[in-house]
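Secondary and tertiary structure notes
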Amino acid sequence: MIIEQIMKRSVITVLESSTIKEAMQLLELHQIRHIPIVNEQKQLVGIVSDSDIRDASPSIFHFTDHLDDFSKPISSIMKKHVITAHPLDFVEEVSTLFYEHHIGCLPILEGDHLVGIVTETDMLHTLVELMGAHQPSSHIEVKVENITGKLSDIAAIFKDLKVNITSVLVYPHLDPAFKVLVFRVQTIDPRKVVKVIEEKGYDVIWPSEPGML
C-alpha cells in the first residue's frame, strides 16, 4: 500500500504571514492538531502543531497583558525543517518516519507542492487494517527455524485446512537460529489448526495450553 491511498487530500493550511490567532481558530474549527504553513506559491515552508501554539501562548495569569502575541505571524513559531513524504512512498516505510522522529503528522509533497497530509491516527488505522486486526479472526504464533521455506511450509498447512490467512508478520527470536511467524487467520476457534501445526513438529507459541484461547 502506498501513501497516496491513505493521505488526506484536502489539507487545511495557512500562509506564513497569517497570525497565530488565525492558526488557533483553524485548529479549533477543524478539530485538527497540525497546520502546514505555505507561501504565496502554495509551497510548504513550515508546520505548526497545537502544542507549538500552546507553548507560544501567554500564561493565563498574564493573558490580558500579552494579547498582542496572538497578532504575531505564524512564521515566528513554525518549525521550518519539516519531514515530508511522497505520494508513492510505501506505508511501512513512512511508518518508520513516525517512529524514528516522534512526529504526529507528515505533509505529502509532489515536487515542491503540498498534495496531502497523513497523521499518526491515519497510520494506526491503516496498520490495523493491513494486519486484519479489525476483522473477526484468530492470532497464531509459530516458532520456526530461521531458514528459507518455513513460511511457505506453515502457509501450506492453513491451505490444506482451508483456513484463510489475513496477514503475516515475521519477528526475530531471542535465539537468532529461529524466527517467529505471526499469522492472523479467519477462524474464531484455532484449536484444530494449532493441533495440526504441532503434529507437524512446530512449536506454537500462541495460543498455548491451558485454555488455548
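Residues numbered from 1 in each chain as written. Predicted model: local features only at pLDDT ≥ 70, side-chain atom pairs only at ≥ 80, totals over all residues. Heavy atoms only, no water.

Grouped together as the largest cluster of nonpolar side chains are 16 residues, with contacts concentrated most on I140, V142, I154, F158, F183, I197 and Y202. Mapped by element, the contributors of at least two residues to this core are strand 6 (138–145), helix 5 (150–160), strand 8 (178–185) and helix 6 (191–199). Among the elements that make up this core, the one with the highest residue count is helix 6 (4 residues). For F158, the residues in contact, after removing those within four places along its chain, are I140, V163, I165, F183, V185, V193 and I197. M7, A85, V91 and V94 belong to the second-largest nonpolar core, a separate cluster that totals 12 residues. (Core = buried A, V, L, I, M, F, W, Y, C linked by side-chain atoms within 4.5 Å. Buried < 20%, exposed > 50% of the residue type's maximum accessible area, 1.4 Å probe, protein only. Helix = DSSP H or I, 4+ residues; strand = E, 2+ residues; numbered from the N terminus. Contact = heavy atoms within 4.5 Å.)

When their charged atoms lie close together, side chains carrying opposite charge are able to pair. Overall, the coordinates contain 6 salt bridges when judged by the stated rule. One salt bridge in this structure joins D50 and R54, with 3.6 Å as the shortest N-O distance. Placement of both D50 and R54 in helix 2 (residues 50–56) is noted, with a separation of 4 residues, approximately one turn of the helix. Here R54 falls in the exposed class, since its relative accessible area comes to 54%. (Salt bridge = Lys/Arg side-chain N within 4 Å of Asp/Glu carboxyl O.)

Let us now look at helix 3 (residues 91–101). Listed as buried for helix 3 are V91, V94, S95 and F98. Relative to the axis of helix 3, the buried residues are bounded by an arc of 110° and lie together on one face. When the buried face of helix 3 is taken as reference, the exposed residues oriented beyond 90 degrees from it are Y99 and E100. Looking at the buried residues of helix 3, the elements they touch are strand 4 (105–110), strand 5 (113–119) and helix 4 (120–131). H102, located one to two residues past helix 3, shows a positive phi value of around 55°. (Arc of directions from axis to C-beta.)

A sheet is described by the order of its strands in space; here 3 strands give the open sequence 1-2-3, paired in mixed fashion. Every interior strand has two partners, whereas the edge strands, strand 1 (14–15) and strand 3 (44–49), have only one. Pairing between strand 1 and strand 2 (residues 34–38): 2 bridges, direction parallel. Counterpart to L15 in the pairing with strand 2 is V38. (Pairing = 2+ DSSP bridges.)

The 4 strands lie next to each other as 7-8-6-9, forming an open sheet whose pairing is antiparallel. Lying at the two open borders of the sheet, with one neighbouring strand each, are strand 7 (165–172) and strand 9 (203–206). Neighbour to neighbour, the strand axes of the sheet diverge by 30° on average, direction disregarded. Relative to strand 8, strand 7 runs antiparallel, the two being bridged by 7 bridges. (Axes fitted to C-alpha atoms, helices over the stretch in contact; angles between N-to-C directions.)

Attention now moves to the side chain of D122. Tracing the chain through its elements places D122 in helix 4. There is a polar contact of 2.6 Å between the side chain of D122 and the side chain of K8. Not counting residues up to four positions away in its chain, the partners in contact with D122 are K8 and I117. (Polar contact = N/O pair within 3.5 Å; in protein donor to acceptor, adjacent residues only side chain to side chain.)

Relative to the helices and strands, S18 is located in the loop between strand 1 and helix 1 (20–30). Judged by its relative accessible area of 12%, S18 falls in the buried class. Excluding its chain neighbours within four sequence positions, the residues that come into contact with S18 are K72, P73 and I74.

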